[in-house]
Structures are given as structure tokens and as C-alpha cells.
Amino acid sequence: FASSFETAQRASEPGGTMAKRSKKDLTQELAPEDEAADLQSDLDISGDEESESGTIDDPDERPRFAADQDGDDADADGEEDGDEDDEDDDEEDEEDDEDDGGPDSDTPAAAAKAGEKHEEQEEPPSDVESVDNARDAVNALDSKAKEESESGPESDASGLKPLFADVMKDDTELPIGRRPEDLGSDVSSDDSEDEFTRNRIGNVPLWWYDNKDHIGYDLEGKKVMKTIQKSEIDKLLQAADDPDSWRIIQDFKNDREVRLTDTDLELIRRIRMGHFPNPSFEPYPDLPIVEHPDRIHPVNGATASKKRFVPSKTEGRMLQRLMMMLRLGKIKPPRPPAPEVFDIWADDKEDAKRKGHTPLPAPKMPNPGHAESYNPPEEYLFDEKEKEEWLEQDDSQRKQDFMPQKHACLRHVPNYDNLLIERFKRCLDLYLVPRALKMRYNVDPDSILPQLPSPAELRPFPTEISVEYVGHTGRVRSLSLSRTGEWLATTSEDGTLRIWEVSTGRSFREYKFEGTVCGVAWNPVEDIIAVGVEEELFILDPGLTVDREEEEGEQGETADRPPTLREVLRAKLPEVNTDEEEEAQKIKDTKKPKFTFQWKRPHGNLRDQGFRFRIKHTAGIKQIAWHHKGNYLSVVCPKATPTRQCVIHALRKQLSLTPFKKMKSAIQCAKFHPSKPLLFVATMRLVRIFDLQEQKLVKTLKSGATWIGSLDVHPGGDHIIVGSYDRRLLWFDLELGNTPFKIFRYHTRAVREVAYQKKGYPLFASASDDGAVHIWHGKIFDDLVTNPTVVPLKKLSGGHKLVDNLGVLCCEWHPTQPWVFTGGADGRVNLWT
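Residues numbered from 1 in each chain as written. Predicted model: local features only at pLDDT ≥ 70, side-chain atom pairs only at ≥ 80, totals over all residues. Heavy atoms only, no water.

Colleague: Lay out the overall build of the chain with the relevant residues and their values.
Modeller: Regarding its fold elements, the chain presents 20 helices and 33 strands. Here the chain holds 833 residues, and 34% of them are scored as buried. Long-range pairs, those at least 24 residues apart, make up 48% of the contacts in the chain with a sequence separation of at least 6. As displayed, the chain has an accessible area near 55200 Å², and 51% of this comes from carbon and sulfur atoms. (Helix = DSSP H or I, 4+ residues; strand = E, 2+ residues; numbered from the N terminus. Buried < 20%, exposed > 50% of the residue type's maximum accessible area, 1.4 Å probe, protein only. Contact = heavy atoms within 4.5 Å. Areas by Shrake-Rupley, 256 points an atom, 1.4 Å probe, with all protein chains shown as cover.)

Here it is in C-alpha cells:
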């Protein structure tokens, strides 16, 4: 039956052997007496083609149906017996021919017997025995397929016959999980998808509906609700209860469960084995044979011959011959390249090959605008005044080299007189234009800027003037606060030293000197003030606090205790033998006598005002700084000799020391370390750190500034800030290196003073000749990994006026509050809070 169907189908195909013969001619040629012979010939052709294609005779490729298992088993047994008994091969072949009715049968009776045997095995309809022509065979197959599809899958043992009947009928593939009766009219629909689609959302991702109670919409626009929501425990219980639960697959898009049938499993099995889903599919169809004597390319899709993929023996012999010649030395391998020889002592710049410049595109000319048009708009035309101005201007001053003119049409446009001149200038531009290759980076500006906190989050910091201290008539050179922050000492060029009450702004005391008062510094331990007046240093006890002796006398305490610094300063100096002094003066030496710092007691009015000592220096005093213990005092005299530019005075021992024998540059300022025996000395361009205990240089910081003017040390001791006269503020981190960690150029003129807030607040300030004071936030972390955070907070301006191009000359922080005091060239002192 299958052989007759394939013969009829092949005859009806356009490329078959009987394509040129119509079905009517075929019916007339098939006579009743030739039925058996034609059937036998059809069976012979079908048997040959089946054996060649391998779709039916091959037991591995043919699906095992439940209906024909008996017949296949009998054939398989017969073939195995034939393979085991080699002596009875001829008899077994005859019996197999008689049983199977194969292509070896030569008589019509044998063909009829083979048809009966095939009917018993495959259970086909018996209408094939009375086939008159190919059309009757096709009609009988169609009727049988319809009956089996109407009877449902229960009439089949495996469920595969209705599927393959439909496939043979109209080459329509049945989707997985659907039966033929479920197709209906969808088989011939225009839908691009073969499977039934309930959810009509298209290719929309299903995770869009994760938070919804539905997963889409159907053809009528109704929501497709979520009904399949099984947990892993439910699936496990279902697998234990239902042995066929492995057949169930979930279609989440259409919200349904599909049970795989035997037909679906058979299709899946064939696909996984690498076979075609349809057993009757012919992968290599026969092409019409056309004789072309001059053909050079194959015209069939047959499998390549064995010689196409088997190694050539001729090429193998050639390879053996070449290997033999290589072993005998007749064929020599290529010589290795000569080693590269170069001079390791040669100059690379001279020997290196210079590469040419990167070719750059020529500069483009600007595109013509409306003014170059032969019919420009009216607003581009010159009026009489503009024409006169254009004619009077020089060629280099004109914005455009021509005067716009309006013409009625293009043929009225005259010749352009400046054409050759413009072409010549264009050639000069191409020849003389400087071309440079500029690297361009696409960088987000926000990613370059550091992520700094907002100034509003870093409060408190000073923003406005709270108290004004009015009284000085000259420039305020320096100021200093007491250790409690209650008193403020200021010095001015008018020759006065004033002590102010911080809270009220009242001038509590005033001291007058004959010269210019250059500097002042309040002792950090006791109420003692060091004042520099030109070349002399005065130690002053203002008497603002009660002595410890008076307190103990009132309380009746007489316990032994070390004397305070104020008590030491009040004690009398030991008398010096005048005779020895006279003898020393009489000694005449060719060398210049060595200068010594003499500690003298003031007399008269100065003694009554509280001045304890008077020390003479060789040059004008610029800066004074106390040690954190209050026993030592450093004085800087930039114009003195190199050995006396920095002097350290010990108040308890009443000695003066010069720690440096020679300095290459003039010392500008000096500060003690807050906790270690270190001294920071700033020259014009460098900052040197000396260890006073071991008497050696520890580190040298390179500022890169032209002239350093001020210096201050952080309370932690690991960071310093430096102000220079070239408008720079430098931040040094001593652990990172000897170069500035940060450089700020916010001031427009010279930076006169820098100062840290010593206790409680991460603030520092810088005063400049531009009349402004900048407040900064500088937070330092203790983890030794995070860099300091420096944020500019506020620019305090308007508090001082510029006098002789000088602005704010000094600034100082309150010891315990976020307040800053400033003194300017206008003689004013302000408190910013």
C-alpha cells in the first residue's frame, strides 16, 4: 500500500519520471489485463527507492508502531536465522521472498500474496488490491485518513498513524501537544505560528507582568489570568501521585498545561536522535535527469563518494618521499634569521627612526551664506551708509570681502574679480596653516570634580563681623589671644600695644613704645606676653590674673611646689662682677668681639608696667612663636646675619641659643611642633624640619613658591599650611612626601597669614592683601589611608579697606570657639563669628 502511494505521489510531482504524462493518459494506458503486471512494476520501483533512501527498510530509522510489531518481529527473526545459518542461505532467501513479497517475486500470484501479507502486518485498507490507477489509490488513502482522524486517538495503538496521514496528505506539521481534531480551521490559517496562541501580547517579556494578576490579553481583549502557580512541593506531590506527570509541560505564556502524547514523544525522540520528525520525508529528492554533454558541475544531491573524504595514497607517498629527503639532508631547512646587533651605548635619539607627522585633514572653508547668493534677501543688502563705511575700511578690517548684490537671474551675474586672489589665499592657508594633533577625551565634567560635602553641612564657621576693636591709627601688624580666649593683644605701627577685652571690645590696657611694634605672642601656659619692638624683645607680665602665691596665702597653703614662670621672671638676676667686665673690655683683640644676647631688667616706668626682661637683637624682629610648654620662645630676624636669623630663648634659664650656623636663604618664619622636639623653619622657597634634640635635619619640603610669607602647623603635627606672596596656599602632608598635597589659588594678591583652629573645629583661615579672609574646612582622618578633605567654606570680605595696596595683614583663631580675629592695614581689628 505504501509503495503504491509513493509511486502515485512521485508520478504526480513535477520532477517525477511520469511528470510529462497526464492522469488521463495514465488511466487509458492501464488496461484491466495489465493490472497485476503494473502493480508488480510499481512495487519493484518502490522497493528499490525505499532501499536507497533508507526510510522504510532500515529498522533503526523506521518508527516502531504498535500495529506492525508482530510483522517486524517475524522479519527480524527471519533475518537473524538467515545470518546464523550460512549453509542454508539460498533456502532462507527464497522463504523470505515468499513471506515478504519483496522485489524478487516474478509472478502476479506472488505480488498478490505479498499484498495480502502486507495487509495483515500494517492493517491498511484492502482497496489497494483493486486499484485501477493512481487516483483511486490517493482517494482511498484520503478516505482512510479521514476515518482514522474522526475515530480519535483511541482507535490507534500509538497515535502516530493519523499524524503521518495528515503529513502525507497536505504536508502540514502538527504542533507538539495538539491532536489533529484540535486543529480545525487553524491548519490553513495565515498565522505565522503553528501553535495555538491564547495570549496575544506578542514578543513582550513575561516579567513585565510579575506584579500583575494576569499575564496578557486574549483575542477578545480579556485578561488572561494567572492560574498556574505551583510550588516545588506541589510539583513533587503531583509527581508522586501521577506516574505520567513527566508528560506534563507548562505553557506560562498561554497559562495552560499540555500533556505530551505518544506522537509528541515519538517526534521528540526522533529529533533528539538527529532524525527527521516525519519518517516519510525524503532529504535527497531525485532530480530530473538532463543530459548535458558539456556539464562540469554535479546536478544531484547524492552523498559524496568515498574518495572525497579518504586520504589520498598518492599524496601520502609524496609526503614519505619528502620526509626521506629531509632525513638524508637533500632538502635543507631555511636558515634562521641573523641576530639583531645594536650598540647598547649609542644614543637612542640619534639612531631612532623618526616617524612622519600624522596626516591631518586640511581646514575646510566656511559654507556660503545668504549674502553670497545672487538674489539675497533685502536685509543682507547694503544701504548707502553701509556702502560708504565698507569702502572706507581697509581690507583687513572688512568682515566680508565682497558687497552683496541682487540680480534678476543667474545669467545676469558678472565675473567675480577676486576669484584668483581668493584661490591664492586659499593655497597660502593650506600651506602655512599650523596643524597640530589634539587628543580629545570624552570625559564627564562631574566625574572629574571631587565629591565634596555642602558648606551648609559643615557649620559652624565664621560668616559675619560681631565685634570691632577701634583704637589703632597705624597698620595692625600682629595679634594674639590669651590661653583662655578672654583677652586679645594687638600691635600696630603707631608704636602701641593694646590689650582688648574680647567680649565687649573695650581697650583694657595700652602700652606705648618709641619704635614700631612688629610682633606679639601670648604664652600658651601663663599670662605672659612677648612683644617685638624693632630690634628688641620685651617680656611683659600684664597682671591680668592672680598669682598662685596670693591664692595660697589667702587659703593658708604653704606646701612645697616648683616656681611658676611668672615667679621666675620676677626674681632678681645674679650680680655680675664689674671688675671682670672692665678687664675683658681692656683686652684688645684683632678679631671682632663675639655678640652675646644680654637679658636686661627694665627700669623706671617699664618696670612698673610689668616688663620683666629686655633682650637686644642684631636686626628687626618679624615673627615670634612660643613652645607648647611655654618655656622656650623663637624669634625670627630675616635681615640679621645667617647665624642670628633664628634665635631660641629659654626663659627659666635665661639663655639665648642660635641653632643654625649658616642658612643658604633668609629665614621667614619658624614654628614649634605641637608635641615633638621639632622646629619648622621656612625660608623663601623651602620648609626645613629640624630635630632639636638630636640636632639634625629631618626633612625638606619643596613648596615651589617664589616667596614664603607665613607658616602654621596642624595640632596633630602631621600637616602644615604655607602662605606665599605669589597668591598661593599650600597644604603639606608630611607622610605623603616632600611636595604639596594641595595647592589653592583663590586669592588675587599676596597671602600674608595662615592659621589653624587649634581645638575642637577642623577649620583654618588665610588672610591676603586683597582685603579678604578665606575660611576653609580641613578634616584629617585617623585611619592613615583616607586623604584629608579640604573644602572652601566662606570668603569674608568687606571688613577691611586697602591702604597702599595692603589688605589683611594678620589673623588668629579663638582657642575654643569657631571665631577668627583679623587685623588690617586700615588700623581696624574685627571679630568674625
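Colleague: Explain the nonpolar core to me, and be specific about the residues and the numbers.
Modeller: With 21 residues, the main nonpolar core has A530, L537, I539, L569, I624, L633 and L651 as its most contacted residues. At the level of elements, β12 (536-540), α18 (565-570), β14 (611-616), β15 (623-626) and β16 (632-636) are the ones that each hand at least two residues to this core. When sequence neighbours within four positions are dropped, the list of residues in contact with L651 reads I539, L565, V568, L569, W599, W626, N631 and L633. Residues I499, V517, I529 and L606 belong to the second largest nonpolar core, which totals 17 residues. (Core = buried A, V, L, I, M, F, W, Y, C linked by side-chain atoms within 4.5 Å.)

Colleague: How would you explain a nonpolar patch on the surface if you had to name every residue and give the values?
Modeller: Residues L319, L322, L326 and I331 make up a contiguous nonpolar surface patch of roughly 340 Å² in combined accessible area. Take I331: it is sitting in the loop between α12 (313-328) and α13 (348-351). Taking the relative accessible area as the measure of exposure, I331 reaches 31% and is therefore partly exposed. (Patch = residues over 30% accessible without salt bridge, like charges linked within 9 Å, V, L, I, M, F, W, Y side chains within 5 Å. Salt bridge = Lys/Arg side-chain N within 4 Å of Asp/Glu carboxyl O.)

Colleague: I'd like a description of α12, backed by residues and values.
Modeller: Across its 16 residues, α12 extends 23 Å between first and last C-alpha, which sits within 8% of the 22 Å expected from 1.5 Å per residue. A small share of α12 lies buried, amounting to 0 of its 16 residues. For α12, the N-terminal capping position is held by S312, with its side-chain oxygen 3.4 Å away from the main-chain nitrogen of T314. One or two residues past the end of α12 sits G329, with phi positive at roughly 90 degrees. (Expected span 1.5 Å × (residues − 1). Polar contact = N/O pair within 3.5 Å; in protein donor to acceptor, adjacent residues only side chain to side chain.)

Colleague: Can you explain the sheet that holds strand β11 (residues 529-533)? Please cite residues and give values.
Modeller: Backbone hydrogen bonds hold the strands of a sheet together, and the pairing may be parallel or antiparallel. Spatial ordering of the open sheet is given by β10-β11-β12-β14-β13, a layout of 5 strands whose pairing is antiparallel. On the outer flanks of this sheet lie β10 (517-522) and β13 (599-600), each paired with one strand and no other. Pairing between β13 and β14: 2 bridges, direction antiparallel. Looking across to β14, one finds that K600 is bridged to R614. (Pairing = 2+ DSSP bridges.)

Colleague: Requested: an account of the side chain of H800, with residues and values cited.
Modeller: Secondary-structure assignment places H800 in the loop between β30 (789-797) and β31 (808-813). A polar contact is formed between the side chain of H800 and the side chain of N830, at a distance of 3.4 Å.

Colleague: Give me the lowdown on the pattern of salt bridges, citing residues and values where you can.
Modeller: Summed over all chains, the structure comprises 22 salt bridges. In this structure, R498 engages E510 in a salt bridge whose closest nitrogen and oxygen atoms are separated by 3.3 Å. Here the residue R498 occupies a position in strand β8 (residues 496-501), and E510 occupies one in strand β9 (residues 507-512), the gap between them amounting to 12 residues. The class for E510 is partly exposed, based on a relative accessible area of 35%. Here E535 makes a salt bridge to K616, at a shortest N to O gap of 3.3 Å. With a gap of 81 residues between them, E535 in the loop between β11 and β12 and K616 in strand β14 connect regions that are remote in the sequence. Connected through salt bridges with shared partners, the residues R475, R477, E493 and D804 form a single ionic network.

Colleague: Break down the sheet that holds β30 for me, with residues and values.
Modeller: Judged by pairing direction, the sheet is antiparallel, and its 4 strands sit side by side in the order β27-β28-β29-β30 without closing on themselves. Looking along the sheet, the strands with just one partner apiece sit at the ends: β27 (751-756) and β30. Taking the axes of each pair of neighbouring strands and ignoring which way they run, one obtains an average angle of 20 degrees across the sheet. (Axes fitted to C-alpha atoms, helices over the stretch in contact; angles between N-to-C directions.)

Colleague: Would you mind going over the packing of aromatic side chains in detail, with residue names and values included?
Modeller: Applying the stated criterion across every chain yields a total of 19 aromatic pairs. Judged by centre distance (5.5 Å) and plane angle (40 degrees), the rings of F513 and F538 are tilted. Taken together, the positions of F513 in the loop between β9 and β10 and F538 in strand β12 put the pair 25 residues apart, joining distant regions of the chain. You'll find F513 and F538 in the same group, each marked buried. Sitting over the ring of W390, R398 keeps its end group 4.0 Å from the ring centre. Sitting above the plane of the F741 ring, K742 keeps its charged end 5.4 Å from the centroid. (Phe/Tyr/Trp six-rings, centres within 6.5 Å; stacked < 30°, edge-to-face > 60°. Lys NZ or Arg CZ within 6 Å of the ring centre and 35° of its normal.)

Colleague: I'd like a rundown of the side chain of D218, residues and numbers included.
Modeller: Among the secondary structure elements, D218 is positioned in the loop between β1 (214-217) and β2 (223-225). Of the side chains with opposite charge, R198 comes closest to the buried, unpaired D218, at an N-O distance of 5.4 Å. Of note is the side chain of D218, whose polar atom sits 3.1 Å from the backbone nitrogen of G221. From its side chain, D218 meets the backbone nitrogen of K222 in a polar contact 2.6 Å long. If we ignore the near neighbours within four places in the chain, the residues touching D218 are R198, R200 and V224. (Lys, Arg positive; Asp, Glu negative; His and termini not counted.)

Colleague: Residues and numbers for the pairing of strand β28 (residues 763-768), please.
Modeller: In terms of residue burial, β28 counts as a mostly covered element, since 6 of its 6 residues are buried. Judged by which residues are buried, β28 turns out to be covered on both faces: L763, A765 and A767 on one side and F764, S766 and S768 on the other are all buried. Pairing of β27 with β28 involves 5 bridges; the strand directions are antiparallel. Looking across to β28, one finds that V754 is bridged to S766. From the end of β27 to the start of β28, which pair antiparallel, there are 6 residues, and G760 there has a positive phi angle of about 95 degrees. Where β28 meets strand β29 (residues 772-779), 5 bridges bridge the pair, whose relative direction is antiparallel. What sits directly across from A765, in β29, is I775. Counted between consecutive antiparallel strands, the loop separating β28 from β29 contains 3 residues, among which G771 sits at a positive phi close to 85 degrees.

Colleague: Help me get a handle on a negative patch on the surface, residues and values and all.
Modeller: Taken together, D383, E384, E386, E388, E389 and E392 make up a surface patch of like negative charges. Inspection of the secondary structure puts E384 in helix α14 (residues 384-392). Residue classification places E384 among the exposed positions, given a relative accessible area of 57%. (Charge placed at Lys NZ, Arg CZ, Asp CG, Glu CD.)

Colleague: I'd love a proper account of unusual backbone geometry, names of residues and values included.
Modeller: Here the residue pair R459 and P460 is connected by a cis peptide bond, since its omega of 10 degrees sits within 30 degrees of zero. Considering the arrangement of structural elements, one finds P460 in the loop between α16 (445-448) and β5 (465-469). Within the chain, E534 stands out as a residue other than glycine whose phi angle is a positive 55 degrees. Within the secondary structure, E534 is located in the loop between β11 and β12. Residue class for E534 comes out partly exposed when judged on its relative accessible area of 40%.

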